[in-house]
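What follows is each chain in one-letter form.
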Amino acid sequence: MTATPLLSELTARVKARAHSHTAACPCSARVLADRPDATVVRHADTVAKAHAPDTAPAELISRLTTASGLPGVLLAPLSPAPVDLHGRLVTFWPYGTPVDPDDPDAAPWEAAATLLARLHRTPAPPGTPPMRGPAKSAQAIARLRATTADETLVRPVLAAWSALPAWARAETPMPDTATLCHGDLHLGQLVRHPGPDGPWRLIDVDDLGTGVPAWDLARPAAWYACGLLPPDEWARFLTAYRAAGGPAVPADGDPWPALDVPARALTVQTAARALAKAAAADRPLDEIERLVVDACARMGSAPPELTRTDAK
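Because the structure is predicted, anything quoted here is derived from the model rather than measured. (Residues numbered from 1 in each chain as written. Predicted model: local features only at pLDDT ≥ 70, side-chain atom pairs only at ≥ 80, totals over all residues. Heavy atoms only, no water.)

Peer 1: Help me understand the sheet that holds strand 4 (residues 83-85), please; the structure alone is not making it clear to me.
Peer 2: To summarise the sheet geometry, strands pair through backbone hydrogen bonds and adopt either a parallel or an antiparallel arrangement. One open sheet holds the five strands; their spatial order is 1-2-3-5-4, and the pairing between them is antiparallel. Looking at which strands have only one partner, the edges of the open sheet turn out to be strand 1 (29-35) and strand 4. Strand-to-strand, the axes of this sheet are offset by a mean angle of 25°, without reference to chain direction. Pairing of strand 1 with strand 2 (residues 38-43), which is carried by six bridges, proceeds in the antiparallel orientation. Bridging across to strand 2, alanine 33 finds its partner in valine 40. (Pairing = 2+ DSSP bridges. Helix = DSSP H or I, 4+ residues; strand = E, 2+ residues; numbered from the N terminus. Axes fitted to C-alpha atoms, helices over the stretch in contact; angles between N-to-C directions.)

See below:
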């Protein structure tokens, strides 16, 4: 199965879903993503997503049901169940206006934190599968091990990985199996709907499930620790999460004991992906990629909670 037939039929399906008539329409389809794990096409105000080939139907349906039941937190799907298209599960969604990557000052950190807190305080429906964050980190490490990346750069990343507890490496169950989590929080997972001035909603339910809620705070925490997120933006995010009653960290005091392991795991995952991509493209690391790889090296020489920018 090549990408071209999948894209062609996905485009036809999303057009049919977007319009109740069959006449030609002035809008055109736009490919939003085309990766091995996801192909996403937009037509007018409708989006179709072909999920990863190994997606479990029952787990995806559970995640869709959860999203439908939390319309104030998660963008709700247009259908309660996926359809099969060339062996891929396909879901349909309303289009939402994403975060503007060219306007970092307008990043909705408070909205993201508040939505996460609301999600974390929502009882997980019976049968909710585990959050897939640690599994995705393990996949990134597996891909790194299969590359020909520079061994001197790979070694500290693998060392930082091996120092994580087993649950963070997806080798044992997570210590929290009751809290509802997003599993892959970053600013690309927020959209405004309906319309560009509508309320913010979380998107992408592929990793949604029960687990350690601090994982959802780990990417901005890791960026802060690596010096990629300014302290004031991190403070905005953390303050808003606490104000909304988020349970991942204490209501006051040092949040790092709760965040340390997930933040380390996300740093390792980011570094592993960076090295794998650079090796595949036969190019050197860029400045940001080098920072996260260097952060992994620091993990091997500093005790927990001493890898933050303000602790160097």
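Peer 1: Just checking my understanding: could you explain the packing of aromatic side chains for this structure?
Peer 2: Each aromatic ring pair is described using two quantities: the centre-to-centre distance and the angle formed by the ring planes. As enumerated under the stated definition, the model contains seven aromatic pairs in all. Where tryptophan 109 meets tryptophan 223, the ring centres are 6.4 Å apart and the plane angle is 80°; that geometry is what we call edge-to-face. Residue tryptophan 109 is located in helix 3 (residues 109-120), and its partner tryptophan 223 is located in helix 6 (residues 215-226); the two are separated by 114 residues in the primary sequence. Take tryptophan 109: its relative accessible area is 3%, and that puts it in the buried class. Residue tryptophan 223 is classed as partly exposed on the basis of its relative accessible area, which comes to 27%. Pairing tyrosine 224 with tryptophan 256 gives two aromatic rings, centres 6.1 Å apart and planes at 70°, and the pair type is edge-to-face. Pair noted here: tyrosine 224 is in helix 6 and tryptophan 256 is in helix 8 (residues 256-281), with a separation of 32 residues, a long-range link. As far as the burial class goes, tyrosine 224 and tryptophan 256 line up, both buried. Taken together, the ring pairs in this structure connect Trp109, Trp223, Tyr224, Trp234, Phe237 and Trp256 into an aromatic cluster. Above the face of the tyrosine 95 ring, arginine 42 is positioned so that its terminal group lies 3.5 Å from the ring centre. (Phe/Tyr/Trp six-rings, centres within 6.5 Å; stacked < 30°, edge-to-face > 60°. Buried < 20%, exposed > 50% of the residue type's maximum accessible area, 1.4 Å probe, protein only. Lys NZ or Arg CZ within 6 Å of the ring centre and 35° of its normal.)

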